Amino acid sequence: MNRKRLQISDKGDKVMTNQKTQINNIYKDLYLEVSDLRKNVYKDGQQIYASWDPSTLREDFKEAALNFAYYVALRRRDIRSLQLKLGNLGLSSLGRLEGHVLATLDLVVYHLAKSANMPAVDIPEHMTKTSQGQGSTLDQLTKDFFGSGAEDRYSRIMVTMPNEAATDQDLVDQMVKAGLDVARINCAHDDVSTWRKMVENIHQAGKKYERDIKIFTDIAGPKVRIQAIYTTLQDPKLYEGDIFFLTSDTTLKDFYDCEIVLSCPIPEIIQDLKVDEAVSLDDGKIIGKVQKSYPEGVKIRITQMASNGKKVKATKGINFPDRELNIPVLTDKDIDDLAFSKEEADVIGFSFVHNLEDVRQINQVMADKVTNDEEKLATIKLETVSGFENLINIIIEANRYRPTGIMIARGDLAVEVGYLRLSVVQEEILWFCEAAQIPVIWATQVLESLVKSGVPSRAEISDVSMGSRAECVMLNKGEHILEGINLLRSILEDIDEHQFKKTALMKQLNVANTIFE
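Numbering of residues begins from 1 in every chain and follows the order in which that chain's sequence is written. In view of the model being predicted, local features appear only for residues whose pLDDT reaches at least 70, and side-chain atom pairs are presented and counted only at 80 or more, with totals across whole chains, interfaces and linings using the full set of residues. Values reported for side chains reflect all heavy atoms of the structure, with hydrogen atoms and water molecules removed beforehand.

### Looking at the overall build of the chain
Argument step 1. The helix and strand tally for the chain stands at 18 helices and 19 strands.
Argument step 2. Across its three principal axes, the chain shows a C-alpha extent of roughly 105 × 65 × 55 Å.
Argument step 3. Only protein chains enter the accessibility calculation, which uses a 1.4 Å probe. A residue is then buried if its area is under 20% of the maximum for its type, exposed if over 50%, and partly exposed in between. Counting only residues that meet the buried cut, the chain has 49% of its 517 residues in that class.
Argument step 4. Residue contacts are defined here by distance: any two heavy atoms, one from each residue, within 4.5 Å place the two residues in contact. A separation of at least 24 residues holds for 75% of the contacts in the chain among residues at least 6 apart in sequence.
Argument step 5. Total accessible area computed for the chain in this model is approximately 25400 Å², and 49% of it derives from carbon and sulfur atoms.
Argument step 6. With 64 positive and 78 negative side-chain charges, the chain shows a separation of 7 Å between the mean positions of the two kinds. For helices the rule is a DSSP run of H or I covering at least 4 residues; for strands it is a run of E covering at least 2, with both sets numbered from the N terminus onward. Every accessible area reported is derived by Shrake-Rupley at a probe size of 1.4 Å, with residue values counting cover from the shown protein chains alone. In this charge count, Lys and Arg are treated as positive and Asp and Glu as negative; neither His nor the chain ends contribute. Positions of charges follow a simple convention, taking NZ of Lys, CZ of Arg, CG of Asp or CD of Glu.

### As for the sheet that holds strand 1 (residues 156-160)
Argument step 1. We treat two strands as partners when DSSP finds at least two bridges between them. Sheet architecture is closed into a barrel: 8 strands sit in the order 1-2-3-13-14-15-16-17, paired in parallel fashion. Averaged over neighbouring strand pairs, the angle between their axes works out to 25 degrees when direction is ignored.
Argument step 2. Of the pairings in the sheet, the one linking strand 1 to strand 17 (residues 472-475) comprises 4 bridges and is parallel in character. Its bridge partner lying in strand 17, Ile157 is registered against Val473.
Argument step 3. Lines fitted to the C-alpha atoms define the axes, with helices restricted to the stretch that makes contact. Angles between their N-to-C directions range from 0 to 180 degrees. Of the strands in this sheet, strand 2 (182-186), strand 3 (214-219) and strand 13 (347-350) are in contact with helix 9 (residues 332-344), which crosses strand 3 at around 175 degrees.
Argument step 4. Against the sheet, helix 14 (residues 419-435) makes contact with strand 14 (377-382), strand 15 (404-409) and strand 16 (440-443), and its axis sits at roughly 170 degrees relative to strand 15, the strand it touches most.

### As for the layout of surface pockets
Argument step 1. Using only the protein atoms, space was sampled on a 1 Å grid; points where a 1.4 Å probe fits but cannot get out form cavities, open sets with protein on both sides within 12 Å along at least five of seven lines form pockets, and lining residues are those with an atom within 4 Å of a point. Grid points are joined across faces, edges and corners, and a volume is the space filled by probe spheres set on the points. Taken as a whole, the largest pocket holds about 760 Å³ of empty space.
Argument step 2. Taken together, 34 residues form the lining of the largest pocket, with Asn186, His189, Asp283, Lys316 and Asn476 sitting closest to its centre.
Argument step 3. Sorting elements by how many residues they give to the lining of the largest pocket places helix 15 (residues 448-453) first, with 3 residues.
Argument step 4. Taken together, the residues of the lining of the largest pocket sort by class into 10 nonpolar, 10 polar and 14 charged. Each residue gets one of three labels, nonpolar for Ala, Val, Leu, Ile, Met, Phe, Trp, Tyr, Cys and Pro, charged for Asp, Glu, Lys and Arg, and polar for the others, Gly among them.

### Section: the packing of helix 6 (residues 169-178) against helix 7 (residues 192-208)
Argument step 1. Across the interface, helix 6 lies against helix 7 with an axial gap of 9 Å and an inter-helix angle of 50 degrees. It follows that helix 6 is oblique to helix 7 by the angle criterion. Here the hand of the crossing between helix 6 and helix 7 comes out right-handed. Two secondary-structure elements touch here, helix 6 through Gln169, Val172, Asp173 and Val176 and helix 7 through Asn201, Ile202, Gln204, Ala205 and Lys208.
Argument step 2. Partitioning the contact of helix 6 with helix 7 into residue classes produces 4 nonpolar, 3 polar and 2 charged. Roughly parallel here means an angle under 35 degrees, roughly antiparallel means over 145, roughly perpendicular means 65 to 115, and every remaining angle is called oblique. It is the rotation of the near helix from the far one that decides the hand of a crossing: anticlockwise by less than a right angle makes it left-handed, clockwise makes it right-handed.

### A word on the side chain of Lys214
Argument step 1. With respect to the secondary-structure elements, Lys214 resides in strand 3.
Argument step 2. Look at Lys214 and you get buried, because its relative accessible area is 12%.
Argument step 3. Residues within four places of Lys214 in sequence aside, it is in contact with Lys143, Asp144, Phe145, Phe146, Gly147, Asp181, Val182, Ala183 and Asp346.

### Details of the packing of helix 13 (residues 410-417) against helix 14
Argument step 1. Between helix 13 and helix 14, the shortest axis-to-axis distance is 8 Å and the interhelical angle comes to 125 degrees. Judged by the angle between their axes, helix 13 and helix 14 are oblique. In the packing of helix 13 onto helix 14, the handedness of the crossing is right-handed. Note on element contacts: helix 14 touches helix 13 through Tyr419, Arg421, Leu422, Val425, Gln426 and Ile429, opposite Arg410, Leu413, Ala414, Val415 and Val417.
Argument step 2. Looking at side-chain class alone, the contact of helix 13 with helix 14 contains 8 nonpolar, 1 polar and 2 charged residues.

Next up, the structure:
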């Protein structure tokens, strides 16, 4: 009997020993895989960093730029299978390493070495640094750009100032009271005298509620817009299947029996359009294709619309998704508007940035026009395919001389990259910006139905929860802007109890307690 027990015990010990050996080998294999990944990320990251000429980078940006280089090096690899293996062992799946790439890899290597009973690996000193939350570089820059904000929400609220903000002090007061942190002045509309009155009212409201409201001026840039409309219709609306005429002529008339004629001020674009090229109006609400070309312009047939019948208005934007427009990033008006921004703005936003040359032109103009203010904060608005494709170098070049954030302008960007791809593109922008420790503005059509009609859609509520991972969420102007600010603030406050960036926060859930009731 005892001999049988011993035999069973020996078999059990052998099974346990084999299991321990297998588990130990799993940890050892993963240790070698992550160590190899870390070595290659470091090597490639150093090479990428060196290519950015770090001696010319701002001193306070160098550490973030180096981390950014490591993140770029990491994202050149597909590590999904490795992530699954690490997650199955209860270790970090590397899904939240944007803020500290090497530190996260080193920590995983440390724990794998211990679990594999390998020689002790020292915890590097850089692991103790803070890359997220209070005290981080990103946290401090967020305060510089968008103010201190509220204690119960991470994301700040930016609002585009309506024309009434120049004359209605009570409206501005209510906006600040509701939760506005940053007042956006869109330099594509109104004029300097109106903007100055807006700023005066904003500062007055800030004093009243003892809050430091930041002023954000958005330089219009070379956005192609509808300059004028000619129509023979009483109530000119476009429907799917309709045809309109697009011309660069300044004198409008009935071209080729088209009942609606739109004027675009850039003749080089109109003359170069080819049959079947896409043309989009009003942030993609109207999408069409060139049907036929004429000496005066092109006929465009509408292939897709956001609603059944839409009125076309002057000043609405025109996009040409199938081509890159070779026009200067700053117009003469933009350069004039910088004089106002220099005096009144805390942050200056620049639109339609395509590439490094655009960023260099902006930096040069800032150096010439914004003298004795080298640290004037700026943002780059991403709204084109080329801007996104050049994102990495745009981030580095823009931050070389001054702190520069990114605005995800999802209206034009969706038209340019396509709605299907937008969800992935906006995620990638958030990841890269966090790795570079620069703030992001989540913009365009946030709670648009509520702000314009007073009734939000379910999709808009979900959109805000996605946007809460950005440092600032922007509302556009509308008749129901106060309701928009209040709802946005409430959603941001609520989501902050459940999520920070991509990390779920495990607060106690009341629904879980109902099991015992």
